[in-house]
Amino acid sequence: MQGIWTVVMLVFSNIFMTFAWYGHLKLNEMKISTGWPLILVILFSWGIAFFEYCLTVPANRIGFAGNGGPFSLLQLKVIQEVISLTVFTCIVMFVFRGESIHWNHIAAFACLVLAVFFVFLK
C-alpha cells in the first residue's frame, strides 16, 4: 500500500510542479500576468510549488526502503522522472494546445519507461 500512496502523491505533486514551472506561461498567454514583474511571477510559482513539496516530501519518506517503504532511492528517482514526464506531456496536450508531440518525444518517453524496467531488475 505504501508504494501505491507514494505513486499517487508523486502524481499529484507533479501536477503542482508542472503548473509552478510552466503555468505562468499559460497565464501570460491568456493575458492575465503580462504586466506582472518577474518577482511576482516567481512568488506565484513558489506558492504553487509549496503544495508540490507538501506531497513530494512525504511521498519519498513513505516510499523509501530506509523508512520501511518498497523502493530504493534510485527506484524512487526513476519513478519520479517517468511520472514527471507523463504529467508534463498530459498537461502540454490539454492545456498548451499549441505544442505538438512528435515521434522522437514518444521514443524518449519509451526510453524512460525502459529505465523504470531496468532499475527494478534484481
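Whatever comes next refers back to the structure up there.
Predicted model, so just to flag it, every value in this text is computed and none were measured. (Residues numbered from 1 in each chain as written. Predicted model: local features only at pLDDT ≥ 70, side-chain atom pairs only at ≥ 80, totals over all residues. Heavy atoms only, no water.)

Novice: Before we move on, could you go through unusual backbone geometry and cite the residues and values that matter?
Specialist: Positive phi values are uncommon outside glycine, yet Lys31 reaches one of about 65°. With respect to the helices and strands, Lys31 occurs in the loop between α1 (2–29) and α2 (38–63). (Helix = DSSP H or I, 4+ residues; strand = E, 2+ residues; numbered from the N terminus.)

Novice: So what about the packing of aromatic side chains? Which residues, and what values?
Specialist: Two aromatic rings are characterised by how far apart their centres lie and by the angle between their planes. A full pass over the atoms with the stated rule returns seven aromatic pairs. Seen from their ring centres, Phe117 and Phe118 are 5.3 Å apart, and the 65° between their planes marks the pair as edge-to-face. Of the residues examined, Phe117 reaches a relative accessible area of 48% and is grouped as partly exposed. Accessibility expressed as a relative area gives 52% for Phe118, which makes it exposed. Taken together, Phe16, Phe50 and Phe51 form an aromatic cluster joined through their ring pairs. Taking the ring centre of Phe96 as reference, the NZ or CZ of Lys26 above it sits at 5.9 Å. (Phe/Tyr/Trp six-rings, centres within 6.5 Å; stacked < 30°, edge-to-face > 60°. Buried < 20%, exposed > 50% of the residue type's maximum accessible area, 1.4 Å probe, protein only. Lys NZ or Arg CZ within 6 Å of the ring centre and 35° of its normal.)

Novice: Give me the side chain of Asn14: which residues, what numbers.
Specialist: As for its position among the elements, Asn14 is in helix α1. For Asn14, a relative accessible area of 1% corresponds to the buried category. For Asn14, the residues in contact, after removing those within four places along its chain, are Gln80, Ile83, Ser84 and Val87. (Contact = heavy atoms within 4.5 Å.)

Novice: Can you explain the packing of α1 against helix α3 (residues 73–94)? Please cite residues and give values.
Specialist: Relative orientation of the contacting elements α1 and α3 amounts to 50°, with a least axis distance of 9 Å. Taken together, the axes of α1 and α3 lie oblique to each other. Taken as a pair, α1 and α3 cross one another with a handedness that is right-handed. Counted together, Thr6, Val7, Leu10, Val11, Asn14, Ile15, Met17, Thr18, Phe19 and Tyr22 of α1 and Leu76, Ile79, Gln80, Ile83, Ser84, Val87, Phe88 and Ile91 of α3 form the full contact between these two elements. Here the contact of α1 with α3 is composed, by residue class, of 13 nonpolar, five polar and no charged. (Axes fitted to C-alpha atoms, helices over the stretch in contact; angles between N-to-C directions. Parallel < 35°, antiparallel > 145°, perpendicular 65-115°, else oblique. Left-handed = near helix turned anticlockwise from the far one by under 90°. Nonpolar A, V, L, I, M, F, W, Y, C, P; charged D, E, K, R; others polar.)

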